[in-house]
Amino acid sequence: SKQNISTILQDETLCGSTISISGWVKSVRQHKDNVFLHISDGSGPKHLQIIASTQNLPESVTFASCVRVQGELKESPARGQSVELVADSISLLGACDNTTFPFGARHKHSAEYCRDFLHLRPKTDSFASLLRLRSAATAAFHSYFQKEGYLYVQTPILTSNDCEGGGEVFAAEPAYGIKESAADSGSDSEVSQESQDGKKHFFSNPAFLTVSGQLHLEAVASAVSKVYNFGPTFRAENSRGRHHLSEFYMVEAEVAFLHSLDQLIQIMEDMVQETCQQILTHHQAELDFYLQRLGTQKHKEFLERVVRSPFARLTYTEAVQLLEKHNHRFKHQVKWGDDLKKEHEKYLTQEMGDVPVFVTDFPAELKPFYAKANQDDKTVAAVDLLVPGVGELIGGSLREDDLDLLTCRLRPLGIEEQYRWYTELCQFGSSPHGGFGLGFERYLQFILATPNIKDTVPFPRWSRHCQL
Ligand code: 4AD
Ligand code: MG
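Since the model is a prediction, treat every value here as computed from it, not as a measurement.

Asks: Which residues make up the site of ligand 1, and what values do they have?
Replies: Taken together, 22 residues are adjacent to ligand 1, and Ser-212, Gln-214, Gly-395, Gly-437 and Gly-439 come closest. Among the elements of the structure, strand E10 (247-256), strand E14 (391-398), strand E15 (433-439) and helix H12 (440-448) are those that each provide at least two residues to the shell around ligand 1. In terms of residue class, the shell around ligand 1 is made up of seven nonpolar, eight polar and seven charged.

Put into structure tokens, the structure is as follows:
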């Protein structure tokens, strides 16, 4: 049945009925001849209070053990809960050895400490809450795009391209060499043929884990107009900061018939505001619980402001002019042509009034080959959305649809041949189009004020950390 602790706590009509429910013990408290248990099945932030007579309680029912309880739901005289379960029977489903279990009932463990026990971390209340909010945010993005008429497209994880040209791709080859299966021999001997680089590759060319589904999305958008994906992406970056993972989820959209960066910016702003509003409206109790656990209740006011007020906007050139005036504050001095560092992003969002900021029209050298050239021959129609507390949340651009200009970007990189299929999109009925990619874990940091990105994903991967 659909019944869980969360639905039970919300359904007053259940009072007086007999139910049985399973969950994990969050606390055990003795009072005279009675024992009070709080149990959770992870369905929501609230625990169900169980009252049993001490003699009914198996001795091994301890903190974090797994139990099944049967009894009658009664209106609770205590504050802070509407119902409680008066237990007839409590059975132990799985004991928990509290002498070796890393978490304690009364402890508030630090995020760093919990990260040492990734397999047990979901058992902490705050991480379970994060998981529910992550799931809710996932649904919010899907419902935004579905409502707006986008097609959900699954782009490949294995690919031959390095979309961003950053050289931060993980290789994808058989770990133990290419095996020739006896059954296939003869028919499929091309499997082990050498490729142009003189090496043997499973796919005959080097293959990687995708850094972005953008180029594939562009191919599909140029036939069905509006598409999005939401999948894992991989970057072999060596940065281990608070905003980087080796494996992260990206929400990417690609839209045909876009004639200006303004239109793209409007979509980005709508998407961020509507998904945030969705969380604020439909997951209020969960959000409150999570923020309260992190001690950042004030963050909700910030979010309420984000969904109400238009985001700020300035060009890269304006941003650099602003930053140059304050260069004495920064570790890294900026001048036109430089990439913005975290400290600059932070300064810009603060300076613009603690709101998300669109930075547009970057120097061509700072953006990949696909970004559409502006008339000035120096900048491209690219946009980053910077948000308070996180920095870059979204990167997007109009895409170059002029074959000559695109070829001019690809040729010096020596990848003209490799991207032949991509340039063909310009030749067979191209449309002016554009798109963007949002880092989903950074989005969670933005809406939840989570200091470290490693605490927004169930099993984070970063340099030297991929043990389980
Ligand atoms: O700015 P990026 O590199 O843009 C792209 O990959 C485009 N092809 C997307 C597109 O236009 N379809 O990455 C997009 C976003 C960044 O703004 C950032 O939020 C996130 O992905 N991101 C990371 N998140 C966590 N860990 C990392 N190592 C990240 N690298 C990028
Ligand atoms: Mg970027």
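Structure shown, so let's carry the discussion forward.
Asks: Tell me about the nonpolar core, residues and numbers included.
Replies: The biggest cluster of nonpolar side chains holds 74 residues, and the ones touching the most others in it are Leu-264, Met-268, Leu-393, Leu-438, Phe-440 and Tyr-443. When residues of this core are assigned to their parent elements, the largest contribution, nine residues, is made by helix H3 (residues 125-147). Ignoring sequence-local partners within four residues, the contact set of Met-268 consists of Leu-385, Ile-394, Gly-396 and Phe-436. Among the nonpolar cores identified, the runner-up in size contains 19 residues, and Ile-5, Ile-8, Leu-9 and Ala-87 belong to it.

Asks: Pulling in residues and values, what's your account of the sheet that holds E10?
Replies: Note on sheets: strands pair through backbone hydrogen bonds, and any given pair is parallel or antiparallel. Taking strand neighbours across the sheet as the criterion, the eight strands line up as E6-E9-E10-E15-E14-E13-E12-E11 in an open arrangement whose pairing is mixed. Because the sheet does not close on itself, it has two edges, and the strands there are strand E6 (151-152) and strand E11 (312-315). With six bridges joining them, strand E13 (residues 379-387) and E14 adopt antiparallel strand pairing. The residue bridging Ala-382 from the neighbouring strand is Ser-397, located in E14. Contacts from H3 reach E6, strand E9 (226-234) and E10, with the element oriented near 155° to E9.

Asks: Got a sec to walk through helix H9 (residues 342-351)? Specific residues and values, please.
Replies: Three or more residues of H9 are buried, namely His-344, Glu-345, Leu-348 and Thr-349. Around the axis of H9, the buried residues are gathered within 130° of arc, so they sit on the same side. Buried positions along H9 lie against helix H8 (316-324), strand E12 (357-363), E13 and E14. Taken from the residues just after H9, Gly-353 is the one with a positive phi, measuring 100°.

Asks: Got a sec to walk through unusual backbone geometry? Specific residues and values, please.
Replies: At Phe-257, a residue that is not glycine, the phi angle is positive and equals roughly 65°. Among the secondary structure elements, Phe-257 is positioned in the loop between E10 and helix H5 (261-282). The phi dihedral of Arg-464 falls on the positive side, at around 70°, and the residue is not glycine. Within the secondary structure, Arg-464 is located in the segment after H12.

Parameters and conventions
- Residues numbered from 1 in each chain as written.
- Chains lettered and ligands numbered in written order.
- Predicted model: local features only at pLDDT ≥ 70, side-chain atom pairs only at ≥ 80, totals over all residues.
- Near = placed C-beta within 6 Å.
- Helix = DSSP H or I, 4+ residues; strand = E, 2+ residues; numbered from the N terminus.
- Nonpolar A, V, L, I, M, F, W, Y, C, P; charged D, E, K, R; others polar.
- Core = buried A, V, L, I, M, F, W, Y, C linked by C-beta atoms within 7 Å.
- Buried ≥ 20, exposed ≤ 12 C-beta atoms within 10 Å, placed from the backbone.
- Contact = placed C-beta atoms within 7 Å.
- Pairing = 2+ DSSP bridges.
- Axes fitted to C-alpha atoms, helices over the stretch in contact; angles between N-to-C directions.
- Arc of directions from axis to C-beta.

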